[in-house]
Amino acid sequence: PLPTLFPYTTLFRSVNFTVPEKFIGYNVNELKLDSEFGLKLLALKRAETLKNCLGISFTEHDVVNELPDDDRIQAGDRLVCYGRYRDFQKFWKAL
């Protein structure tokens, strides 16, 4: 059997959310999601505005596979985090 890296129960969640405005301009490491809230960052999804064949704009989010040290969180970015439900509650209250 494969090892369970992240148990998924009623106590644990993975949450995909748009970064709060106050995070914009910070480096991902500066957020201290793990040390302060016990949340694991699984992915950063960067927003990109594209146009379809009719010229209509739409936003697509792609996972950023490599984050340079100087990369900053941008408006529209999404974070995918994993942690206990109560830790997410603590995180949202701190915002």
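Parameters at a glance
Residues numbered from 1 in each chain as written. Predicted model: local features only at pLDDT ≥ 70, side-chain atom pairs only at ≥ 80, totals over all residues. Heavy atoms only, no water. Helix = DSSP H or I, 4+ residues; strand = E, 2+ residues; numbered from the N terminus. Contact = heavy atoms within 4.5 Å. Salt bridge = Lys/Arg side-chain N within 4 Å of Asp/Glu carboxyl O. Buried < 20%, exposed > 50% of the residue type's maximum accessible area, 1.4 Å probe, protein only. Core = buried A, V, L, I, M, F, W, Y, C linked by side-chain atoms within 4.5 Å. Phe/Tyr/Trp six-rings, centres within 6.5 Å; stacked < 30°, edge-to-face > 60°. Lys, Arg positive; Asp, Glu negative; His and termini not counted.

Help me understand the side chain of Asp87 in this model?
Within the fold, Asp87 resides in helix α2 (residues 85-94). Those residues in contact with Asp87 that lie beyond four places of it in its chain are Phe37, Gly38 and Leu39.

Quick question: what am I supposed to make of the pattern of salt bridges here?
Proximity of charged atoms lets side chains of opposite charge pair with each other. The final tally for this structure, using the stated rule, is four salt bridges. Between Lys40 and Asp34 there is a salt bridge whose closest N-O contact spans 3.0 Å. Note on Lys40: relative accessible area 36%, which makes it partly exposed. Among the salt bridges present, the one from Asp77 reaches Arg46, with a minimum N-O distance of 2.8 Å. Of the two residues, Asp77 is situated in the loop between β3 (57-63) and β4 (78-84) and Arg46 in strand β2 (residues 40-51); the sequence distance between them amounts to 31 residues.

So what exactly am I meant to see when it comes to the nonpolar core here?
Side chains that are nonpolar tend, in soluble globular proteins, to be buried together. Judged by nonpolar contacts, the single largest core of 14 residues is most densely connected at Phe23, Leu33, Ile73, Leu79 and Phe91. Elements supplying a minimum of two residues to this core: α1 (33-37), β4 and α2. Residues in contact with Phe91, not counting those within four places in the same chain, are Phe17, Phe23, Leu33, Phe37 and Leu39.

Please explain the packing of aromatic side chains as it appears in this structure.
Each aromatic ring pair is specified by the distance between its two centres and by the angle formed by the two planes. Counted under the stated rule, the structure contains six aromatic pairs. Arranged with centres 5.9 Å apart and planes meeting at 55 degrees, the rings of Phe23 and Phe91 form a pair that is tilted. Residue Phe23 is located in the loop between β1 (12-18) and α1, and its partner Phe91 is located in helix α2; the two are separated by 68 residues in the primary sequence. For the pair formed by Phe23 and Phe91, the shared burial category is buried. Aromatic ring contacts, followed pair by pair, group Phe17, Phe23, Phe37, Phe91 and Trp92 into a single cluster.

Is there a simple way to explain the environment of Tyr26 in this structure?
Mapped onto the elements of the fold, Tyr26 is located in the loop between β1 and α1. Along the primary structure Tyr26 and Pro68 are separated by 42 residues, whereas in three dimensions their C-alpha atoms are 13 Å apart. When sequence neighbours within four positions are dropped, the list of residues in contact with Tyr26 reads Leu31, Asp71, Arg72 and Ile73.

Sorry if this is basic, but what is going on with the side chain of Lys45 here?
By secondary structure assignment, the location of Lys45 is in strand β2. Here Lys45 sits buried without a salt bridge, and the closest side chain of opposite charge, Asp62, lies 8.0 Å off (N-O distance). Those residues in contact with Lys45 that lie beyond four places of it in its chain are Asn16, His61, Asp62, Val63, Gly76, Asp77, Arg78 and Val80.

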